[in-house]
Amino acid sequence: MSAAQVLEGKVAIITGSGNGIGRATAKAMAAAGASVCVSDTLAEDGLRTVSEITEAGGKAIFVQADISSEEQVQKVVNDTVAAFGGLDILVNNAGIGGGMKRIHEISADEFSRVVDVNLIGTFFMTKYAIPHFLKSGDGRIVNIASTYGLIGAPKAAAYCATKGALINLTRQLAVDYGPDHIRVNAICPGYIDTSLGRRGPTMSEADFKAATDRREKAAAMQPLGRQAQPVEVANVAVFLCSDGASFMTGSIVTVDGGCVTTFNYGEASN
Ligand SMILES: NC(=O)c1ccc[n+]([C@@H]2O[C@H](COP(=O)([O-])OP(=O)(O)OC[C@H]3O[C@@H](n4cnc5c(N)ncnc54)[C@H](O)[C@@H]3O)[C@@H](O)[C@H]2O)c1
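Residues numbered from 1 in each chain as written. Predicted model: local features only at pLDDT ≥ 70, side-chain atom pairs only at ≥ 80, totals over all residues.

A. Structural view of the overall build of the protein. Summing up its helical and strand segments, the protein has seven helices and seven strands in all. Listing the helices and strands of the protein from first to last along the sequence gives β-α-β-α-β-α-β-α-β-α-β-α-α-β. Principal-axis analysis of the C-alpha atoms places the extent of the protein at approximately 55 × 40 × 35 Å. Looking at the protein residue by residue over its 270 residues, the buried ones come to 44%. (Helix = DSSP H or I, 4+ residues; strand = E, 2+ residues; numbered from the N terminus. Buried ≥ 20, exposed ≤ 12 C-beta atoms within 10 Å, placed from the backbone.)

This is how it looks when you write it as structure tokens:
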């Protein structure tokens, strides 16, 4: 086993791996030797990730699913086990932003959708993955939370609430399943250069550009002064799922260029 093959022989599911952080994580895990289930609502995007993995010599399948559907989640897990003979790793990555609104402006349906994807989706995936981990006596889960789960952020009530819930769910699962050798950790990304919250048929080019500019300006004010590339989060997910992280469980790992170590001092820093 070369140093890079730290997930050799493992089987991993990465939700939302048609784009962004999930896509980078699927590719990094495959490059580290894992057989990967790429899952996403978007078939074209998921199949592109699979092609990129197989063209690089890795193993991957695609299962189309919306993680807020219990039935579809069961299919993701069952198809993965059928294709690769087991399951070792789950990365609960799929998530949505929910739009920029304060709570009195959010409809019940909008709020519920964010809860259904970010929290209930993670519940379903975890619920159906864990029996396979219990069977083999080993499992590794990484929940992709957010710095917005650690702090309050403007116009992101449902997003902050669900990401905060994922953080404490991570700790709780670590307690319940530590004795079963299932390690559960969370990553809190900061500003990562993906299209999260900036895509979709309703957003004009001008709005997209404005949102991108806002993010770049906000990222420039953080200690490392830039957005990260998705692979910089993926590398940490690979590590957390490797034996190198064998004593880590219930850990909440920020990958945020220092965002939540400080607040914006603005004028005071000059
Ligand atoms: N980009 C950031 O700055 C940032 C920061 C903190 C946390 N995060 C978190 O990282 C994760 C990935 O975000 P990203 O930035 O890569 O976003 P992205 O929008 O680029 O990719 C998310 C992927 O998830 C898929 N998806 C959405 N809803 C789904 C559902 N119901 N079922 C299955 N798949 C679904 C999308 O189709 C998309 O391919 C999210 O949980 C997000 O909250 C991102």
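B. Quick look at the packing of helix H1 (residues 20–31) against helix H2 (residues 43–55). Interhelical geometry of H1 versus H2 gives an angle of 25° and a closest axis separation of 10 Å. With respect to their mutual orientation, H1 and H2 come out roughly parallel. The way H1 lies across H2 gives a crossing that is right-handed. In this structure, H1 contributes Arg23, Ala26, Lys27 and Ala30 to the contact, and H2 contributes Thr49, Glu52 and Ile53. (Axes fitted to C-alpha atoms, helices over the stretch in contact; angles between N-to-C directions. Parallel < 35°, antiparallel > 145°, perpendicular 65-115°, else oblique. Left-handed = near helix turned anticlockwise from the far one by under 90°. Contact = placed C-beta atoms within 7 Å.)

C. Looking closely at the site of the ligand. As a structural note, the neighbourhood of the ligand is formed by 28 residues, with Gly16, Gly20, Gly95, Thr194 and Leu196 the closest of them. Every element with two or more residues in the shell around the ligand is listed here: H1 and helix H4 (108–136). In the shell around the ligand, the residues fall into eleven nonpolar, 14 polar and three charged. (Near = placed C-beta within 6 Å. Nonpolar A, V, L, I, M, F, W, Y, C, P; charged D, E, K, R; others polar.)

D. Here's a closer look at unusual backbone geometry. Phi angles above zero are rare outside glycine, and Lys155 is one such case at about 50°. Considering the arrangement of structural elements, one finds Lys155 in the loop between strand S5 (139–144) and helix H5 (157–177). Residue class for Lys155 comes out partly exposed when judged on the 14 C-beta atoms lying within 10 Å of it. Positive phi values are uncommon outside glycine, yet His181 reaches one of about 60°. Among the structural elements, His181 can be located in the loop between H5 and strand S6 (182–189). Residue classification places His181 among the partly exposed residues on the basis of 15 C-beta atoms within 10 Å.

E. Just the sheet that holds strand S1 (residues 11–15), in detail. Pairing within the open sheet is parallel, and its seven strands lie in the order S3-S2-S1-S4-S5-S6-S7. Looking along the sheet, the strands with just one partner apiece sit at the ends: strand S3 (59–64) and strand S7 (252–255). Taken over all neighbouring pairs, the strand axes of this sheet differ in orientation by 20° on average, direction set aside. With five bridges joining them, S1 and strand S2 (residues 35–40) adopt parallel strand pairing. Residue pairing across strands places Val11 opposite Ser35, the latter belonging to S2. Sheet strands touched by helix H3 (residues 70–84): S1, S2 and S3. Its angle to S3, the strand with the most contacts, is close to 155°. In this fold H4 packs onto S1, strand S4 (89–92), S5 and S6, with an angle of close to 175° to the strand it touches most, S4. (Pairing = 2+ DSSP bridges.)

F. How the structure looks around helix H7 (residues 230–241). Taking 1.5 Å of rise per residue, twelve residues should cover 16 Å, and H7 covers 17 Å from first to last C-alpha, within 8% of that figure. Considering only its buried residues, H7 is in contact with H1, S4, S5, S6 and S7. (Expected span 1.5 Å × (residues − 1).)

G. Local environment of the environment of Ile103. Its location among the elements puts Ile103 in the loop between S4 and H4. Exposure remark for Ile103: the 11 C-beta atoms within 10 Å place this residue in the exposed category. Taking the C-alpha atoms as reference, Ile103 lies 8.1 Å from Ala156; in sequence the two are 53 residues apart.

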